[in-house]
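Below are the chains, spelled out letter by letter.
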Amino acid sequence: MKNWAWSVIIVVLALVLLASASFYSVSMTQTAVVLQFGKAVRVVESPGLYVKWPIAQNVAFINKSLSSYSTQPESFLTVGKKPVLISLFAEWRVADPLLFYARLHNDGTAESRVGDVLRSALRSEVGKMTLKSVIQGQRSKMMDPVLAEANKRLQPLGVHLVDLRILQVGLPTDVLQAVYKRMEAERAEEANAYRSEGAADAAKIRAEANKDQTRIMADAYRQQEELKGQGDAEAASIYGAAYGKDPAFYSFYRSLEAYRHSLSDKDVLVLSPDAPFFRYFRHSLEPAGK
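Definitions and cut-offs
- Residues numbered from 1 in each chain as written.
- Predicted model: local features only at pLDDT ≥ 70, side-chain atom pairs only at ≥ 80, totals over all residues.
- Heavy atoms only, no water.
- Helix = DSSP H or I, 4+ residues; strand = E, 2+ residues; numbered from the N terminus.
- Buried < 20%, exposed > 50% of the residue type's maximum accessible area, 1.4 Å probe, protein only.
- Contact = heavy atoms within 4.5 Å.
- Areas by Shrake-Rupley, 256 points an atom, 1.4 Å probe, with all protein chains shown as cover.
- 1 Å grid on protein atoms, 1.4 Å probe; cavity = no way out; pocket = protein on both sides within 12 Å on 5 of 7 lines; lining within 4 Å.
- Points joined across faces, edges and corners; volume = space filled by probe spheres on them.
- Nonpolar A, V, L, I, M, F, W, Y, C, P; charged D, E, K, R; others polar.
- Pairing = 2+ DSSP bridges.
- Axes fitted to C-alpha atoms, helices over the stretch in contact; angles between N-to-C directions.
- Salt bridge = Lys/Arg side-chain N within 4 Å of Asp/Glu carboxyl O.
- Expected span 1.5 Å × (residues − 1).
- Arc of directions from axis to C-beta.
- Core = buried A, V, L, I, M, F, W, Y, C linked by side-chain atoms within 4.5 Å.
- Patch = residues over 30% accessible without salt bridge, like charges linked within 9 Å, V, L, I, M, F, W, Y side chains within 5 Å.
- Polar contact = N/O pair within 3.5 Å; in protein donor to acceptor, adjacent residues only side chain to side chain.

With that settled, the discussion passes to the overall build of the protein chain. Counting secondary structure elements, the protein chain contains 8 helices and 9 strands. Here the protein chain holds 290 residues, and 22% of them are scored as buried. Long-range pairs, those at least 24 residues apart, make up 62% of the contacts in the protein chain with a sequence separation of at least 6. When the accessible surface of the protein chain is totalled, it reaches about 20500 Å², and 59% of it is carbon and sulfur.

So this is what it looks like as structure tokens:
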């Protein structure tokens, strides 16, 4: 009886092990590759519970969701052998599970191979471009041929690149310093050119201003002399008219003007009292009745 019980237990355990080895489940994010004696016989992409032959068959699971790949800045040479630092970000997925399993087996190997292909394709594309075009050019124009070339190389491996972008474009420290110095020299040369043009324009403006000043001063002096001449002529005319009306009063007025101008100065005049200059003073100083 005891031996019979142990036989039943052993049979039950064998059936449980056989059942567990005969079923497998596939999730929504997985693709199953069924292998028979190590050779792929079918691919299961729909999620669910499936049956396989125990011992003779086993299952390899492949991630069918998007996988990402990114790099640190790496040096690439342009057409002029100038180094430039570029970092990438890519998204890829398994396009052909059978090819993927046969050539790469797992995601780790696939990621390494994707990195190698991307570096090679990018190195080839950057080698056709100048340093200026890499830094200032549109990134999509540079990435489109790299993406096409990388997919061409990854197709036999069952991998497809969905997206490829440049995260960063930079220059090594020594090249960056050289570029800064060249840019500084160019800006200094441009500033000197602007200063020279400004100095030439300023000199031209000053010359025009001096020319205008000389012309304006000459016109003003001419007008002044004309007005002065007109005033002298009008004064002479007035004096002549006054002299014609009353010569004695005109002579008296002219003498008073001479006294005012001469005696108001600080200079000392030594004249004889009988001089004609003081003839009106003599009449004013004579006693009344004489």
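Glancing now at the layout of surface pockets. Taken as a whole, the largest pocket holds about 420 Å³ of empty space. Contributing elements (two or more residues each) for the lining of the largest pocket: α4 (131-136), β9 (159-170) and α6 (173-245). Among the elements that take part in the lining of the largest pocket, α6 stands out by supplying 8 residues, more than any other. Class assignment for the residues of the lining of the largest pocket results in 10 nonpolar, 2 polar and 4 charged.

Spatial strand order, β3-β2-β5: 3 strands in an open sheet with antiparallel pairing. Since the sheet does not close on itself, it has two edges, and those belong to β3 (39-44) and β5 (57-63), each with one partner. Ignoring which end each strand starts from, the neighbouring axes of this sheet average 30° apart. Here strand β2 (residues 30-36) runs beside β3; their pairing, made up of 5 bridges, is antiparallel. Looking at the pairing, Leu35 lines up with Ala40 of β3.

This part is about the environment of Lys39. Tracing the backbone through its elements, the reader meets Lys39 in strand β3. C-alpha of Lys39 to C-alpha of Asn58: the two residues are 19 residues apart in sequence and 9.7 Å apart in space.

With that out of the way, let us pick up the pattern of salt bridges. With the rule as written, the count across this model stands at 10 salt bridges. Note that Arg187 and Glu190 form a salt bridge whose closest N and O atoms lie 3.3 Å from each other. Remark: Glu190 and Arg187 occur in helix α6; sequence separation between them is 3 residues, near one turn of the helix. Residue Arg187 is classed as partly exposed on the basis of its relative accessible area, which comes to 46%. Between Asp212 and Arg215 there is a salt bridge, with the nearest N and O atoms lying 3.8 Å from each other. Here the residue Asp212 and the residue Arg215 both occupy positions in helix α6, the gap between them amounting to 3 residues, near one helical turn. The partly exposed category is assigned to Asp212, whose relative accessible area is 33%. Classification of Arg215 by relative accessible area gives partly exposed; the value is 47%.

Attention now goes to the side chain of Thr31. By the element assignment, Thr31 lies in strand β2. On the accessibility criterion, Thr31 (4% relative accessible area) is buried. The contacts of Thr31, once residues within four sequence positions are left out, are Val43, Val44, Glu45, Ala60, Phe61, Ile62, Lys64 and Pro97.

What follows deals with helix α5 (residues 139-154). Structural remark: α-helix, 3.6 residues per turn; residues separated by three or four positions point the same way. When the terminal C-alpha atoms of α5 are compared, their 22 Å separation across 16 residues agrees well with the 22 Å that a helix rising 1.5 Å per residue should span. Considered for burial, the residues of α5 that qualify are Met142, Met143, Val146, Ala150, Asn151 and Leu154. Seen end-on, α5 carries its buried residues on one side only, within an arc spanning 150°. Summarising the geometry of α5, the exposed residues directed more than 90 degrees from the buried face are Lys141, Asp144 and Lys152.

Okay, the nonpolar core next. Core analysis: the biggest nonpolar cluster contains 37 residues, and Ile86, Trp92 and Leu118 have the highest contact counts within it. When contributions to this core are tallied by element, the ones reaching two or more residues are β2, β5, β8 (83-94), α3 (107-126), α4, α5, β9 and α6. In terms of nonpolar packing, the next biggest core, distinct from the first, is built from 5 residues, Tyr24, Ala32, Val34 and Val44 among them.

Right, let's talk about a nonpolar patch on the surface for a bit. On the surface, a cluster of nonpolar side chains totalling about 320 Å² of accessible area is made up of Phe23, Leu49 and Val51. With respect to the helices and strands, the residue Leu49 is situated in strand β4 (residues 48-51). We classify Leu49 as exposed; its relative accessible area is 62%.

Take the side chain of Asn151 next. Mapped onto the elements of the fold, Asn151 is located in helix α5. Looking at Asn151, its side chain comes within polar contact range of the main-chain nitrogen of Leu161, at 2.6 Å.

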